[in-house]
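Structural overview for review
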Amino acid sequence: MIDDLRRLFLFERLDDDQLRWLAEHGEVRSFAEGDHIVRQGDPADTFAVLMEGEVVMVTDTPTGVVARPPTSQPGVYAGATAAYLGDRAPDTYAHSLRATRPTRMFLLPAERFAHIVAEWFPMALHLLDGMRMGGLAQRDLIDRRQRLAALGTITAGLTHELNNPAAAAARAVAELRGRVDSTGRRLAELAAAGVDPAGVPALVELQARYTAAAGAAPERGPLEVADAEDALAEALEEHGVEDGWDIAPALVGAGLDAAAVEEVHAAVGADHVGAAVRWLAETMEIAQLLDEVADATGRITSLLASAKQYSQMDRAPYQTVDLRDLLDSTLTMFRGKIPPGISVATDYDPGLGPVPAYAGELNQVWTNLIHNALDAMGDTGTLTLRTAREHETALVEIADTGPGVPEELRERIFEPFFTTKGVGRGTGLGLDISYRIVAGRHGGDLRVESVPGDTRFQVRLPLTERTAR
């Protein structure tokens, strides 16, 4: 057993006497798949070190179960890890440790573990105590800052997205003021010029008909539009309308043609065609500006609805949700942060039904995964969001065409504070938080499949409420 202990990174610097002491006071025990090595709440009387196999650490918290990714790294440890604190050490295990396949563990009584830390590493005892307390405080602080950073990212995107339709609405309203004033003057000019009173209702009726037909007009290419403007300008000149070339584009844009000029002529007479056509052009522009305002305010309403869906305001924390709605609302929050060179594709399974979940927390998972995908791709690539049903689970896949995650790092990316990003670009808590939400809160699974050009983070969630935690 001494040779086996020496191969563990935890004991590799110990001398033969120290290894012999460990062998004399500890034991090696085998566990079958599914066996508990230590159980949360039991007396903390054993320090456990993995020698061979695979284990998973699970912690039951007031808000749900938090499971760490399974590990097969020899030398990882658990159990009474704080026994060196003496009287200040927890009396019971703070977590459970379970074998996920046949496993061999080195088990050392807690009091023996406390003895060797105090006797063999007296300075380390004080350092560990300080680092433990400081680490807990730092973890809490960085966790909160990570959440705030994610909130800042989506807030910036939402602000950018709201700014565009708001600016469009403001610009359209400013133009509307001028157009409304001008149309009033045009009507006054017609009246002063002695237009037949019966022609005014006919002209208004034409304007209403043209406005209604404008929305159904077929799309035309640039050459077709240019030809239509030329034909309309010639028709206006034939009726004595000065500067017909100036107003022809506005009339063509509203769907009018040379035949419309003939209808105006029939309504108001030859002497008033110019003033009537200009009034008609301005009223058509007013209709177009009103459509722009409606589109802009509709976009703002849609964005606010997405923000409400994302934040889950006015909704119970645990509810049955449509994953497509959650993904779309999160994607909307990122619209302003997605570079022009990155395309977004969605592939949602229409047969996937509602899923019981903590919707607001899942939105944080989508935020972390999408943010990482965008960061990995840089300025070009494709972001793909996909949903599917796999037996009794819902699959959500967020894929990118970035360089991929190296194989040697895939087992570590869900560890707290582990990050592949440069200094100042990430805390290494995004995937850790995501894993805790998926595995701990929902009883699901989060894993990654990656090759250069195709990285897929896959979230699997139970479809039945009884298995969600």
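The rules behind these values
All residue numbers refer to position in the chain's written sequence, counted from 1. Given that the model is predicted, a residue must reach a pLDDT of at least 70 before its local features are reported, and side-chain atom pairs must reach 80 or more before they are shown or counted; all residues, however, enter totals for whole chains, interfaces and linings. Only hydrogens and water are set aside; all other atoms, that is, all heavy atoms of the structure, feed into the side-chain values. Any two of the Phe, Tyr and Trp rings considered here, Trp counted by its six-membered ring, make a pair once their centres fall within 6.5 Å; the pair's planes then place it as stacked at under 30 degrees, edge-to-face at over 60, or tilted in between. Segments assigned H or I by DSSP are reported as helices when at least four residues long, segments assigned E as strands when at least two residues long, and all are numbered from the N terminus. For every residue, the accessible area (1.4 Å probe, protein chains only) is compared with the maximum for its type, and the residue is labelled buried under 20%, exposed over 50%, or partly exposed between those bounds. Pairing between strands is defined by DSSP: at least two bridges between them are needed. Inter-axis angles, ranging from 0 to 180 degrees, are taken between N-to-C directions of lines fitted to C-alpha atoms, where helices are fitted over the stretch in contact. Residue contacts follow a heavy-atom distance rule, with two residues in contact if any of their heavy atoms lie within 4.5 Å.

This paragraph deals with the packing of aromatic side chains. To describe a pair of aromatic rings, you give the distance between the ring centres and the angle between the ring planes. In total, this model carries five aromatic pairs according to the counting rule given. Where Phe11 meets Phe106, the ring centres are 6.0 Å apart and the plane angle is 85°; that geometry is what we call edge-to-face. In this pair, Phe11 sits in the loop between helix H1 (2-6) and helix H2 (16-25) while Phe106 sits in strand E6 (residues 96-109), placing the two residues 95 residues apart along the sequence. Accessibility classification places Phe11 together with Phe106 in one group, the buried group. For the ring pair Trp120 and Phe121, a centre distance of 6.3 Å and an interplane angle of 80° mean the geometry is edge-to-face. What links up through ring pairs into an aromatic cluster is the set Trp21, Trp120 and Phe121.

Right, let's get into the sheet that holds strand E12 (residues 445-451). Taken together, five strands build an open sheet; the order of strands is E8-E10-E11-E13-E12 and the sheet is mixed. The sheet terminates laterally at strand E8 (342-347) and E12, the two strands that pair on one side only. Between one strand axis and the next, the sheet turns by 15° as a mean value, whatever way the strands run. Of the strand pairs in this sheet, strand E11 (residues 393-400) and strand E13 (residues 454-462) are connected by eight bridges, and their pairing is antiparallel. In the strand pairing of E13, Ala394 is matched with Leu461. Along the sheet, helix H10 (residues 323-334) makes contact with E8, strand E10 (381-390), E11 and E13, crossing E10 at roughly 165°.

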